[in-house]
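Architecture at a glance
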Amino acid sequence: MSTQQHARPAPVGGSLLNATTLVCGVLIAVMATIILVRLIFGLGATTNLNDGYSWGAWVVVDVFIGSALACGGFSVALLVYIFNKGQYHPLVRPALLGSLFGYTLAGAAITFDLGRWWNFWHIFWPGYFNVNSVMFEVAACIMLYIIVMWIEFSPVFLEKLGLHEAHRKLSKLLFFFIALGIVLPMMHQASLGTMLVVMGGQVNPLWQTPMQPLIYLLSAIILGYGVVLFESCVAASAYRRQVEISMLNPMARVMLGIMGFYLLVRFADLIARGVLGQAFQPTFIALSFWIENACFIAPFLLIRSVEARRNPARLFLAGVAVMLGGILLRLNGFLIAFDTGPGWTYFPSVPELLVTIGIFAAEVLGYIVITRRFPVLPREEAYAQPTHS
Amino acid sequence: MRTEKPAPSSGENTRRKFLKGCLSAAGTAVASGTLSTLSTPAAARDTYQRPPEALGLLYDATLCIGCKACVAACKQANDNPPEFSTADKLWDTPLDTSGNTFNIIKMYRHGTMTTKDAEINGYAFMKTSCMHCADPSCVSACPVTAMTKDPVTGVVAYDPDACVGCRYCVVACPFGIPKYQYDSPTGEIGKCELCRHRVADGHYSACAEVCPTGATLHGRTRDLLSEAKRRLALSAGSITRYPRGSIDGGPEQSYEGYVGHYQQHVYGETEYGGTQVLKLSAVAFEKVGMPNLPPKSSAATSETIQHTLYGGLLMPFAVLGAMTYVAKRNVHHEEDDEGAQAAAKKAGKEGS
Amino acid sequence: MANTRLLQLEAKTTIVDASKRLGMPRRDFLQFCATLAAGLGLPPGAEAAVAEAVASKKRPSVIWLHFQECTGCTESLLRAEHPTLERLILDVISLDYHETLFAAAGHQVEQARKTAMAANKGAYLLVVEGAIPTRDGGIYCKVGGQTAIELTRECAADAAAVIAIGSCASWGGMPSTAPNPTGSSGVADVLGKPVVTIPGCPPNPYNFLATVVHFLTFAALPPLDELGRPKFAYSRLIHENCERRAHFDAGRFAMQFGDEGHRKGYCLYKLGCKGPETYANCPTALFGDAGAGTWPVGCGHPCIGCTEQGVGFSKPIHMLSKVKNAEPPQQYPRIVEEQGVGATLGSASLLAAVAGAAAGAGAMVARNLGLSHQAAEAERARAAREKTEV
């Protein structure tokens, strides 16, 4: 298949009402209700947050993990626009869509997790913001990045609405926003890791290191490819389309390369700081550490060979493994291996979980609606699947 | 008819090499920036020390009798509501500091609990409240400057009007002091501010004012440190004079009492660069909830990384410049191709 | 019920005789016995036994010795608002020797003592008031040519019980204040065996009286602690029963005599009150039968710990006292308290359900993809075969 020529993006079409969208709709409605309760009665009324675990499911899952899963746009933009691998171009829009929803909803999640959310504009206002704070830099970069992504994605809307003149003008400037869209995620994804540093000894030594920026940046890039693998396979399976193996195959190889470098850095850092021994203690935290790294090692077993990478099932599972690994890296650092002192217990409450589920349901629903109605995925003949349940 | 992609020319090859170089340079920049935080003195941010006129408290656990007058006084001085932890909600019985309890006395228990200040089979008291660090993690962490350190008195203050309630200060503090009021939809962070709101009326910290035994003593930290060291040098069982209330001036309230068996360490002298609230104890500090902290603060490490990577926005702009150049070349290239494609298509249509 | 039993005694001849002898109404006499029983902490019903014993039993002989004392303990015993009470006190016991109260003096009264001791050998109570000097053979206190040590030993030899009244006799008291030039000691040290002690300077007279009446009623002494003090009066710290305790707990203290806190009746701990390390029943028993507040703290002066050896007359009055707790109360939060909500059935099952659904969906997607891949491969192989066949 020619690499430079590819099918233009087109709406998938089809009905917006099906079991998936209805379930998502219900979950979103539940989430909205709970958020209303939270706004009226406070965080204590809806969450199990306490003085020992002040950052719980909403911050760690919705914000940190959500923004990590939204790295697809960044990773693919890196490949396409910096490494000039034009053959991946069809991946850009869907990856960007995933990123767009991921970050926008992470931003929304922050807003209702903030205890004094009506002051949130302080973070971007001179006279209030503190340039030494890692959180300020993360928040500012994410905010700018959300704007940049909507601009990057606007051609999709402009095309659908037939605004070709505007589309042409925008295209001339797009390169600058693309560059911003690479630098900004590099900055804040690395700093998401740096956020752990000020917590000092409260974070287990297996996850507390000054090398955070590099580790988190690499994991973000890897996560981006993992998400693209996952999302491509799921979209193909759901819409009964062919998986773009020709693109995913080599992209997965790039992912493996970067992943190897990531594991090298991770373990070299542990050994240099002399804390690797802690991973061999019979504790739940050590177990979590190995599960996290097993998720990063699994793809090497699943898709090392070109043959294996032609199998979309293996690509899908590798993507899932990478996502789980990235999730666990963040979940471990910020929640599981975070210990402010003995005696504290935390597990998300049912309303907390329902809101988190609602956020992901909103992403799924948004993805479905946009891909079905707007030109995001490449135009493709529907591929007839062999009959099976 | 489809036009095939032309075979890579030598020009493209050099471009690819250049691009690869760009990205590896960017990656190396991040890596070296991170590594340099460990070695480059120029970019490193040293741990702050206490200002010379820093105010604070000296808490001597051997003098504390657990009367909790300081807990009651703090609640009153700050208009805080009582906290209940028993079935009959009659008494203010907080289990820990919280958004509504800025000071608390906890008790160490061991075995039969017969002897005060004995580590084995004894009991001891420990006051828990803000340590007013020299290099506060909360001040470094706060994205909206709601936590500030006074440059003269060194008191770490909180401004609820600036606060967004992100609770980064809560997770950053090594002592677990700032706490959020989860029970309110307009909750604030709550912590001891050394009664700075009472200074105008000529008062100082309420806990020190009320303490009957002078276990909590107010004053300039450098004076309190001298007093602490004086006590550590005394032999256990001897008699000495203990000041009460404030160490510098005020009505004479000192009294004579017996010297206890101290741990030979003033807690807060060097931890994270030092704290303005110092503690003396007969029981080992880790057992009474005071963490073991190195002299280098976590705020120093965190800010060093940030300044190295983003100081003056030099590196970000440099990388942005490189990315802009590369992106412009590639996006431009793509459009040309697309234009050529369209033209070829047109030609093909006309041709057939 | 108990009171009716007590009232039934009104008609008894012994009670009637006793009341007549004492010149008190019967009801008043019975009330006195009930009060004594209550002060001893005896169970309900005992006051009847006390009344009968007081009325009928042969009054025990009491030999009362005085040494290095101020006679305050005797004076305390005599202070009563009810004029007949002192007669009753002197009538409950047969006071066979008492230097202050006796009209006689000199050799006659010493002879009276020896006679009483011989007549009641093994059955009399020896009460000692005042400290006993021990230095230089005890020559610093002599009565009738005998040193206090000799007298004590002589009288204690045949006594049924020895009671040391007042801090001086209990452990040396005020005379034993450093440098203690005469070597003042308590009775127990001189005799080398434990005795009943009723410390205080002076003690509440009812502490002594109730102990004697208990002995009279039950032929045994009330339960004593390791220092010989009756537990009904000396088992609790003053701090535990103090009416100003709430002020201590709330952190309200008087800083100087006459200041605002002092006028408001705040806790006197900062002025050196020794209540937290002194065992006595002053806050509850009070003094002089004059009503509430008739004890040092109630009057606005910090307790000086007069009952406690090592505290009273030893620690300066305004030196801060140690706060002795019999056991630290459970109400203090521990250094580590269990807080926070863990996984509930609801949240854990919800999370498990979501995880399960996700895993299931993922497995299905993988299977679909795998099958379609298989189908595609098969298709490719078939096409390749067809090509070669052709």
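Residues numbered from 1 in each chain as written. Chains lettered and ligands numbered in written order. Predicted model: local features only at pLDDT ≥ 70, side-chain atom pairs only at ≥ 80, totals over all residues. Heavy atoms only, no water.

Attention now moves to the interface of chain A and chain B. Each partner contributes residues to the interface: chain A has 70 residues there, and chain B has 76 residues. Counting each side, the surface lost to burial between chain A and chain B is near 6,300 Å², with a carbon and sulfur contribution of 61%. Where chain A meets chain B, there are one salt bridge. In this structure, Asp 113 of chain A and Arg 167 of chain B form a salt bridge, with 2.9 Å as the shortest nitrogen-oxygen distance. For the pair chain A and chain B, the interface holds 31 residue pairs in polar contact (both at pLDDT 80 or more). Going through the elements one at a time, helix 1 (19–41), helix 2 (43–46), helix 4 (72–82), helix 5 (89–113), helix 6 (134–160), helix 7 (164–194) and helix 8 (212–238) of chain A are the ones with two or more residues in the side of chain A that touches chain B. Considering only residue class, the side of chain A that touches chain B consists of 43 nonpolar, 22 polar and five charged. (Contact = heavy atoms within 4.5 Å. Buried area = accessible area lost by both parts, 1.4 Å probe. Salt bridge = Lys/Arg side-chain N within 4 Å of Asp/Glu carboxyl O. Polar contact = N/O pair within 3.5 Å; in protein donor to acceptor, adjacent residues only side chain to side chain. Helix = DSSP H or I, 4+ residues; strand = E, 2+ residues; numbered from the N terminus. Nonpolar A, V, L, I, M, F, W, Y, C, P; charged D, E, K, R; others polar.)

Any pair of aromatic rings gets described here by the distance separating the centres and the angle formed by the planes. Scanning all chains against the criterion turns up 31 aromatic pairs over all chains. Ring centres of Tyr 180 of chain B and Tyr 182 of chain B lie 5.0 Å apart, and the angle between their planes is 75 degrees; on these two criteria the pair is classed as edge-to-face. For Tyr 180 of chain B, a relative accessible area of 2% puts it in the buried group. Arranged with centres 5.3 Å apart and planes meeting at 65 degrees, the rings of Trp 64 of chain C and Phe 208 of chain C form a pair that is edge-to-face. Highlighted residues: Trp 64 of chain C in strand 1 (residues 61–66) and Phe 208 of chain C in helix 11 (residues 205–218), separated in sequence by 144 residues. An aromatic cluster is built from Trp 207, Phe 267, Phe 280, Phe 289 and Trp 290 of chain A, whose rings are joined through pairwise contacts. Its guanidinium or amino end placed over the ring of Tyr 48 of chain B, Arg 45 of chain B lies 3.8 Å from that ring's centre, counting from NZ or CZ. (Phe/Tyr/Trp six-rings, centres within 6.5 Å; stacked < 30°, edge-to-face > 60°. Buried < 20%, exposed > 50% of the residue type's maximum accessible area, 1.4 Å probe, protein only. Lys NZ or Arg CZ within 6 Å of the ring centre and 35° of its normal.)

Together, Phe 120, Trp 121, Phe 124, Trp 125, Met 143, Leu 144 and Ile 147 of chain A make up a nonpolar patch on the protein surface, roughly 660 Å² of accessible area in all. Following the sequence through the fold, Trp 125 of chain A ends up in the loop between helix 5 and helix 6. (Patch = residues over 30% accessible without salt bridge, like charges linked within 9 Å, V, L, I, M, F, W, Y side chains within 5 Å. Areas by Shrake-Rupley, 256 points an atom, 1.4 Å probe, with all protein chains shown as cover.)

Another point: the side chain of Lys 279 of chain B. Residues and elements named next belong to chain B. Structurally, the position occupied by Lys 279 is in strand 12 (residues 277–280). One buried charge, Lys 279, has no salt-bridge partner; the nearest side chain with opposite charge is Asp 96, at 10 Å. A distance of 2.7 Å separates the side chain of Lys 279 from the backbone oxygen of Lys 127, its partner in a polar contact. Residue contacts for Lys 279: discarding those within four places in its chain leaves Tyr 59, Met 126, Lys 127, Thr 128, Met 131, His 265, Val 266, Tyr 267, Phe 285 and Met 290. (Lys, Arg positive; Asp, Glu negative; His and termini not counted.)

All names here are of chain C. Sequence positions flagged by UniProt for "binding site: [4Fe-4S] cluster 1" (unreviewed entry) are, in local numbering, Cys 70, Cys 73, Cys 168 and Cys 201. The annotated residues occupy 132 residues of the chain but converge on a single region, no pair of C-alpha atoms lying more than 9.8 Å apart. Considering the arrangement of structural elements, one finds Cys 70 in the loop between strand 1 and helix 5 (72–78). Secondary-structure assignment places Cys 73 in helix 5. (UniProt positions renumbered as here; feature names shortened; annotations may be inferred.)

Accessible area lost when the parts come together is the quantity often used to give the size of an interface. Listed per partner, the contact involves 36 residues of chain B and 23 residues of chain C. Around 2,500 Å² of area is buried between chain B and chain C when both sides are counted, 62% of it from carbon and sulfur atoms. The interface formed by chain B and chain C contains zero salt bridges. Linking chain B with chain C are six residue pairs in polar contact (both at pLDDT 80 or more), by the criterion used here. Going through the elements one at a time, helix 2 (69–77), strand 2 (104–109), strand 4 (122–128), helix 5 (206–210) and strand 11 (255–258) of chain B are the ones with two or more residues in the side of chain B that touches chain C.

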